[in-house]
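Structural features, examined
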Amino acid sequence: MAAWDLSVIVEDLGPDAPPVTISVASDLHVGGVILKLVEKTQIKQDWSDHALWWEQKQRWLLRTAWTLEKYGIHADARLVFMHQHKPLKLGLPNGITLRLRACFSNPVFQTVMGICRMLNIRHPEELSLLRPVEEKKKKKDKDLAAEIYDLTEVPLSSVSRPCLYNGMPAHFADSPQMEAIYKMLSVTQPPPTPEVIAKQYRPASVVDKAHINGRWLDSSRCLLQQGIQENDKLWLRFKYYAFYDIDPKYDVVRLTQVYEQARWAILLEDIDCTEEEMMLFGALQYHISKVAQSEPQILSNNAAMDDLDSALQSLEVKMEGEGSSASDLLVRHNKCFGETDQMWLIVYFRPKRLTLKGYKQYWFKFQDTSISYFKSKEESIGEPIQQINLKGCEVAPDVNVAAQKFLIRLLIPAPEGMNEVYLRCENEQQYAQWMAGCRLASKGKTLADSSFQSEIQSIRSFLAMQKTNSSSSNTNASEESINPHSLVSPRYHKKYKPKQLTPRILDAYQNVAQLSLTDALMRFLQIWQALPDFGLSYVVVRFKGSRKDEVLGIAPNRLIRIDLGVGDVVKTWRYNNMKQWNVNWDIRQVAIEFEGNVNIAFSCVTADCKIVHEFIGGYIFMSTRSREKSDTLNEELFHKLTGGHEAL
């Protein structure tokens, strides 16, 4: 084949250096081009991290055995020979900024895996990268640049799980400076000042929340293809709210960062909660900060002993389970409720949250995994007004202990979506029993299940945390170093003075003061996960056939259609009723088919349809994870479910 000249910019020669011209033929493979370039530059160094980037086509030439002809490269191609791993500034959920070397040539999914491996965060599939939202800066703050902690010297490793030394990855044990950085990753940050909270971007509406979700990077394309350059800043965040197998023993960094992301979501009103819940979140933050400062971080230095401990624990649990026979369980259960597998109670019932009708009183019967209701006790011998099967339903609390409000919100699967039902219980005891029963029934378990009593106990302890301790000796506010405006969202800064907030937060603190650091972190996350809007990522969409914009809420197990004008939930569809979904890349429209011949289609307004496609496919991928395969990540399946096939 005839030889021709190919010009290549070599990044290592500097920005002002002229391109290096080499003589090539179309049948020369990419590896041969790289060899000629290295020989011509006459620079002796490690070139193993370098690769060719084709500017016009925005793609890396990573298949070194492919010829120039196969790639379609001619003399007019603009090629750059550069590092595949480049420095990147990374903002973490706890507000710390790291500078580290990230892969610019692999899909973002693999880049995140590499970053998580370096930081010792398990289950990297739950996280992703997004373009940051700028803070509100005043003129006098311009000189105050945030400190950046450098990790660019950390060697790049392809090992799936880093080698631990004294409970931390070996590269963090190299020096006191590196150990200090790891401590910042694994120990919760002190409460931010009210001024810092005020500077952060705070979404004022559901549309603002939707705009943030338009900033996620595409997991199936590399950083360079998405316009990210060396030393640019990105955020690392938990994208999928499906936290799998959090183990405080192995997930020190992961647990801390999930907590920090949850805490900022509360403080910046990214998720709604009641005033009572806000005081409890404030109390837990205060307690966590106090314990984290006084309790040194205990890092386990013997992984083998850890494994032995966990094996013995699971054996102990198994033996305890085998020790209690089925007849024992039935006897214990019958003492609580006269009949096995049944509960009879008067419950107030409302079929929809936003109707003008109030609650009506009915006689309810809970049996197996269903609830039936009758007009009165006398009529309960005959046919019920309705029987509701709770298997597969959504169960959420709506509780205010101070106001004696005990509601159970049920989302019942139906062919056209989900039906919303509210049950109002009379008192705490009734609520705990019915909530436990509903939770078990949603998983297909009956009241005779061995976990019923422990579920009741868990609900009661959760309610106890929300009770105020007017009788208990309240800690004197002057003795406590507490700034309440650091612990609650700005809405309460305007509503209450610090001296009004302090006693309420300290009151709630009495209920959590005995918790260990790990228990307090886990409790904070449990309460966060119990909020009605937990896990919802919003996107503004236009449904096919509609003339107005609406909001699509994407949750770990369902999609929610929300009326933008009044904020009402119009319809809910569960993923397990989904038959198929696809994207028409030409007109950028997502189409979904559900069981019962239900079809929906929409175009996206505030985000690319690839982001919505990736959210849905990602959550379906999260549901396929199992304990047996927890150490191996099925990357191919993730890309199959989220990658899409965009029109050329």
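What counts as what
- Residues numbered from 1 in each chain as written.
- Predicted model: local features only at pLDDT ≥ 70, side-chain atom pairs only at ≥ 80, totals over all residues.
- Heavy atoms only, no water.
- UniProt positions renumbered as here; feature names shortened; annotations may be inferred.
- Helix = DSSP H or I, 4+ residues; strand = E, 2+ residues; numbered from the N terminus.
- Buried < 20%, exposed > 50% of the residue type's maximum accessible area, 1.4 Å probe, protein only.
- Contact = heavy atoms within 4.5 Å.
- Areas by Shrake-Rupley, 256 points an atom, 1.4 Å probe, with all protein chains shown as cover.
- Pairing = 2+ DSSP bridges.
- Core = buried A, V, L, I, M, F, W, Y, C linked by side-chain atoms within 4.5 Å.
- Axes fitted to C-alpha atoms, helices over the stretch in contact; angles between N-to-C directions.
- Salt bridge = Lys/Arg side-chain N within 4 Å of Asp/Glu carboxyl O.
- pLDDT = per-residue confidence, 0-100.

An unreviewed UniProt entry annotates the protein chain as FERM domain containing kindlin 3b of Amphilophus citrinellus. As its UniProt record puts it under Sequence similarities (unreviewed entry), the protein chain is described as follows: "Belongs to the kindlin family."

Tallying secondary structure elements over the protein chain gives 17 helices and 26 strands in all. Burial statistics for the protein chain: of 648 residues in total, 49% are counted as buried. In the protein chain, the proportion of contacts linking residues at least 24 apart, taken out of those at least 6 apart, comes to 63%. With an accessible surface of roughly 32200 Å², the protein chain has 49% of that area assigned to carbon and sulfur atoms.

Consecutive side chains along a regular strand alternate between the two faces of the sheet. In this structure, strand S24 (residues 578–584) lies alongside strand S25 (residues 589–594), joined through six bridges in antiparallel fashion. Looking across to S25, one finds that Met 578 is bridged to Phe 594.

Now for the nonpolar core. Taken as a class, soluble globular proteins show a tendency for nonpolar side chains to be buried jointly. Formed by 124 residues in total, the largest nonpolar core has its most connected members in Leu 98, Leu 119, Leu 129, Leu 151, Trp 528, Ile 592 and Phe 602. With ten residues, helix H8 (residues 275–294) is the single largest residue contributor to this core. Within the second largest apolar cluster, 30 residues are counted, among which are Ile 388, Ile 412, Val 421 and Ile 456.

Before going further, it helps to examine the sheet that holds strand S9 (residues 148–150). In spatial order, the strands read S8-S12-S6-S7-S9; together these five strands make up an open sheet with mixed pairing. Both edges of this open sheet fall to strand S8 (127–130) and S9, since each of them pairs with a single strand only. Adjacent strand axes in the sheet meet at a mean angle of 45 degrees when their direction is disregarded. Bridge analysis of strand S7 (residues 97–103) against S9 gives three bridges, and the strand direction is parallel. Bridging across to S9, Thr 97 finds its partner in Ile 148. Here helix H4 (residues 176–186) sits on the sheet in contact with S7 and S9, set at roughly 125 degrees to S9.

Enumeration over the complete set of coordinates arrives at 28 salt bridges. With a closest N to O distance of 2.9 Å, Glu 614 and Lys 239 form a salt bridge. Here Glu 614, found in helix H16 (residues 609–622), pairs with Lys 239, found in the loop between strand S12 (233–238) and helix H7 (252–267); they are 375 residues apart in sequence, far enough to count as distant. Exposure remark for Glu 614: the relative accessible area of 1% places this residue in the buried category. On the basis of relative accessibility, which here comes to 1%, the residue Lys 239 falls in the buried class.

Moving on, we come to the pairing of strand S26 (residues 598–604). Summarising burial for S26: five of the seven residues are buried, a large majority. Sheet topology note: the strand S20 (residues 537–543)/S26 ladder contains three bridges and is antiparallel. Directly across from Phe 543, in S26, lies its bridge partner Phe 602. Counting the residues that bridge the hairpin from S25 to S26 gives three residues, and of these Gly 596 lies at a positive phi of roughly 80 degrees.

Attention shifts here to the sheet that holds strand S21 (residues 550–554). The strand order across the open sheet formed by seven strands is S23-S22-S21-S20-S26-S25-S24, and the pairing between neighbours is antiparallel. Where the open sheet ends on each side, the last strands, each with one partner, are strand S23 (569–574) and S24. For this sheet, the mean inter-axis angle between neighbouring strands, taken without regard to orientation, is 30 degrees. Note that strand S22 (residues 558–562) and S23 share five bridges and pair antiparallel. Following the sheet pairing, Arg 561 is matched in S23 by Lys 571. Where H16 meets the sheet, it contacts S20, S21, S22, S24, S25 and S26, and its direction lies at approximately 155 degrees from that of S24.

Averaged over every residue, the pLDDT of the protein chain is 84; residues scoring 70 or more account for 83%. Below a pLDDT of 50 lies the segment residues 298–305, which in the model reaches eight contacts outside its immediate sequence neighbourhood of four places, other chains included. Note that residues 314–340 has pLDDT below 50 and, in this model, 18 contacts with residues that lie over four places away or in other chains.

We now examine unusual backbone geometry. We note that Asn 231 has phi near 70 degrees; this positive angle belongs to a residue other than glycine. For Asn 231, a relative accessible area of 27% puts it in the partly exposed group. Even without being glycine, Asp 368 reaches a positive phi, approximately 55 degrees. Tracing the sequence through the fold places Asp 368 in the loop between strand S14 (360–367) and strand S15 (370–374).

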